Amino acid sequence: MGRSTTLKSQISHDVFRLFGAYILGVTSISMLLAIYGIFFYQQEEFRHYKALISTRLSAEINASFRQANDLADSTEVWTGLTDSVGRGSYLVPLLDKANQSKYFKLDLLDYLGRSFIQSSHSLSLLFDAPANIQKTIEDHQTHLELATMDHTDYVVVSVPIKADFTDSTIGVVLLHLDVDKIMATLNFPDELKINYSLAPFVQNASDLSKHSEAFKFEWNDAGKNYALHIQLQQSYLSAFLFVMTGLGVSLACGGLLFFGLRRWTRLFSERTTQRLDDLVQLASDTVKGRGDESFSDNTGDEIAKVSNALQSMLRNQRRATQRQAIFSRVFETAAEAILITNKQGLVVDVNAALTDMTGYTKEELLHQPAGRLYIPDHKGVDLPVIAEAVRRQGVWRGETYFLSKQQTQLPVLLSVSTLLDAHGVNQGHVSVFSDIRAIREAEEKLTDLLHEDQLTGLPNYRGFLQYIHEKQEGVPFAILFIDLDHFKNINDTFGHDQGDDVIRQIAQHLKATLPDGNFLCRRSGDEFIAVLDIDEPITAFKTQLKEMFKPAVFTVNHMGTVQITATFSAGAALCPDHAQSIKQLLIYADTALLSAKESGRNQIKWLTPQMMAATTRKTKVDSKLAVAIREGRIFPHYQPEVDLLTGKIIGFEALARWQDPELGWVSPAEFIPLAEQSGAIDPLTESLFAQVVKDSHAIRARFPNARMALNSSPQLLSGKRLLTMLSHLASELENGLEGFVLEITETDFALSAQELASQLQAIMGLGVRIAIDDFGKSYSSLSRLASMPIQKLKIDMSFTAGMEREENIKIISGILALAQSLGLEVTAEGVETRFQQDTLIKLGCQQAQGYYFSKPLKLEDLLALPTHLVPKTVS
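Residues numbered from 1 in each chain as written. Predicted model: local features only at pLDDT ≥ 70, side-chain atom pairs only at ≥ 80, totals over all residues. Heavy atoms only, no water.

Draft legend 1. Representation of empty space enclosed by the protein in the model. Tallying each qualifying case throughout the model produces two cavities of 30 Å³ or more. Quantified by volume, the largest cavity comes out at close to 80 Å³. Those elements that place two or more of their residues in the lining of the largest cavity are strand E22 (649-660), strand E24 (707-711), strand E25 (740-745) and strand E27 (792-795). Its residues placed into classes, the lining of the largest cavity shows five nonpolar, two polar and six charged. As a volume, the second largest cavity reaches approximately 40 Å³. Around the second largest cavity, the lining residues are His-509, Leu-510, Thr-513, Leu-514, Met-548, Phe-549 and Phe-568. Element by element, the count of residues in the lining of the second largest cavity is highest for helix H14 (residues 496-513), at three residues. (1 Å grid on protein atoms, 1.4 Å probe; cavity = no way out; pocket = protein on both sides within 12 Å on 5 of 7 lines; lining within 4 Å. Points joined across faces, edges and corners; volume = space filled by probe spheres on them. Helix = DSSP H or I, 4+ residues; strand = E, 2+ residues; numbered from the N terminus. Nonpolar A, V, L, I, M, F, W, Y, C, P; charged D, E, K, R; others polar.)

Below, the structure written as structure tokens:
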């Protein structure tokens, strides 16, 4: 009893000493944290207030200034300020419409600052005449002033109204911005006070009961900066009361904790005595083997350590028995075959999976050399090789072959590891192997599938390449590219399922029609490749093939049985006559196929010297293109754009030209597609743009106000590469890209409307005008056209060339009417005759370009042109 009292006294003394230190420390830290928290919280809260105020004011000020500027720029306002007759009938509705916002109101003043139109929303009469109105009248600039009416703060802005026909101010738009109403929408606390000033606030540090911060809110309108100084004030009192309340609650909780500790010290001493009694009983039960392993003492003190040590002895003993039973069960039921050998390589144990796989019984394998399972030939890895790898590395993993009792070869995935005892001494080996016969069979099937077209059962392109690789050299053969004419119409009419059925019928038809011994594969879609050995004169061979390519009839099940007639186009190249490289032969056969399609389809075309020359030229153009771009051999020529009525040159279109010493003049139609395919379109465009910008200085010196038109590949819109190029050019010019025009084709509209409009708006921001080139040539969406930020249309030359036909004149009239309704300029391309010029003038077209006026010229020839062109008949 005395020992229990002593333990209790010691615990009470230590606990209460720690508790006193805790109360003192917590109280001190809480006070410090509270003071810091008040300051930090209000700092963060004011930062939040500033962000909200800036965002809200920015939105309303931008909206109000935009509305005021719209009024100042309105021709109706100009008319009303200069003509008093009936102005109220249209100015009052205009002013009422502008005053829809509840946060700002607009009034119209005359050139002396007098209000001359009163709307239902007018506020100007409620204020004394602000001084900024007189400043605006004097210096024609926008001015701000703060005003207060009925305890409400207003920002009063006077915006000058200047018309195009006079340099003086003809009136003033007076904007009243209710900043208090705007701030009310932010639902700030009542104790937050907001002050406004056009001059910086003077900080006053005498009042420590308030937190005060001021900041400068700035904005820009029409290139001029404006600022409003805003001061925020909030009292510390509410936060201080909150902290003191929390401190009082903390002290009250400390008192409750004190009484709780007194009760705990009594219970702890009683609990400790009971634990000592339980420990004695546990020691007795452990000695007798009657311990209950479910008992556990988690207090962590010395008593718990002794108790848990006794429990651990029982648990370890039982776990060892359980692990042995589990391992034995896993060994017997594992899906993989397991073989255990001793240091001498003799089998000491096997599981059921091994006996099932090999056909041996366990008794037949025990104490036998494990090597009897290995195949002693070249198919498997030799046993000595595996043994040496295990001896050096302790493990070997790989594929080999085992031999079953029935002498069947079994492909297996084998893993051999060394068994070590607790001291790291080798006790033998364990081998785990899996039967991978199913995997081998699947690999063989997969190989077949990789070389077979699943739709037709014919070899696919991989199978074709394997066939060519294995084909005997020295045997002449022909390669045919075969394509079903207008297969897309079948898919569109009958559906893709019926289209697939037609493909299968085509495969069977071609296999049966082509000469015996042919190799036929499906490349993709409706394209087939045939390899035909040539064992007869080439003329007879070609005649035989020509007879085979006749229209064929196929059956389609679509709302009943439908018979369709299909024709084929084919291109053929010979090995070794045309080429020995399979890659070159495929290119030649594809070239011949393209010629067959261009010649009307339903025929076979053999590679000709002309086709080979075209392919060779294309290859040379492709190989020389990068060097030509790098060395600046591709340069611009300029074709004038003229005013049809006066003949005055109003602009030039830059057109790419390339003259190669070997190839001669290379058409853009040849090298532009190759540049797009090879990725060279970016450096090509950059080079041409740079040359045009450089030439523009001399051109504009000779032809003032002439616009320079640039053409761009649609690919450059992807990834905003075109915008990046133009931005870089604009940054290097004093006036940016003012006076430049970017011509895009209707194919560029493949981009989404939002993405295209966004990029074009950004390009226009650099000073570039946007024109649609070759308008009417492709499909056009009028709804998208109306939403695009463009300024000009260029009528495709095909309509101009066909003006002898009435329908083309109607199309041109429709384009001109469309452009007029959208407020767009129009230029007709390809004007070559006086008749075309006169007809365009009658239709109302004012601008044109074409050989009738001038062909594209290099810079020095262009500078020799007169400012007005007298059209000459093209000889």
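There is more to say, and it comes next.
Draft legend 2. Layout of the side chain of Asp-660. Here Asp-660 lies in strand E22. Asp-660 sits in the buried class, given a relative accessible area of 3%. For Asp-660, the side chain forms a polar contact with the main-chain nitrogen of Glu-662, separated by 2.9 Å. If sequence neighbours within four positions are ignored, Asp-660 has contacts with Lys-624, Arg-633 and Val-666. (Buried < 20%, exposed > 50% of the residue type's maximum accessible area, 1.4 Å probe, protein only. Polar contact = N/O pair within 3.5 Å; in protein donor to acceptor, adjacent residues only side chain to side chain. Contact = heavy atoms within 4.5 Å.)

Draft legend 3. Seen up close, unusual backbone geometry. Cis rather than trans, the peptide bond between Cys-575 and Pro-576 has omega equal to 10°. Among the structural elements, Pro-576 can be located in the loop between strand E19 (568-575) and helix H16 (582-598). With a phi close to 65°, Arg-601 is a non-glycine residue in the positive phi region. For Arg-601, the location among the structural elements is in the loop between H16 and strand E20 (603-606). The class for Arg-601 is partly exposed, based on a relative accessible area of 27%. Of note, the phi angle at Lys-720 is positive, near 60°, even though the residue is not glycine. On the secondary structure map, Lys-720 appears in the loop between E24 and helix H20 (721-731). Assessed through its relative accessible area of 44%, Lys-720 is described here as partly exposed.

Draft legend 4. Representation of the sheet that holds strand E3 (residues 143-149) within the structure. Strand order in the open sheet formed by five strands is E2-E1-E5-E4-E3, with antiparallel pairing between adjacent strands. This sheet does not close on itself; its edge strands, each paired only once, are strand E2 (115-117) and E3. Within the sheet, the average angular offset between the axes of one strand and its neighbour, ignoring direction, is 40°. Where strand E1 (residues 104-110) lies against E2, two bridges are found, and the strand directions are antiparallel. In the sheet register, Leu-108 faces E2, and the bridge partner there is Ile-117. (Pairing = 2+ DSSP bridges. Axes fitted to C-alpha atoms, helices over the stretch in contact; angles between N-to-C directions.)

Draft legend 5. Expanded view of the sheet that holds strand E7 (residues 210-221). A sheet is described by the order of its strands in space; here three strands give the open sequence E6-E8-E7, paired in antiparallel fashion. For this open sheet the edge positions go to strand E6 (193-197) and E7, each flanked by a neighbour on one side alone. Neighbour-to-neighbour, the strand axes of this sheet turn through a mean angle of 25°, independent of strand direction. As defined by bridge partners, E6 adjoins strand E8 (residues 224-235) across five bridges and the pair is classed as antiparallel. The residue of E8 that forms the bridge with Tyr-196 is Ile-230.

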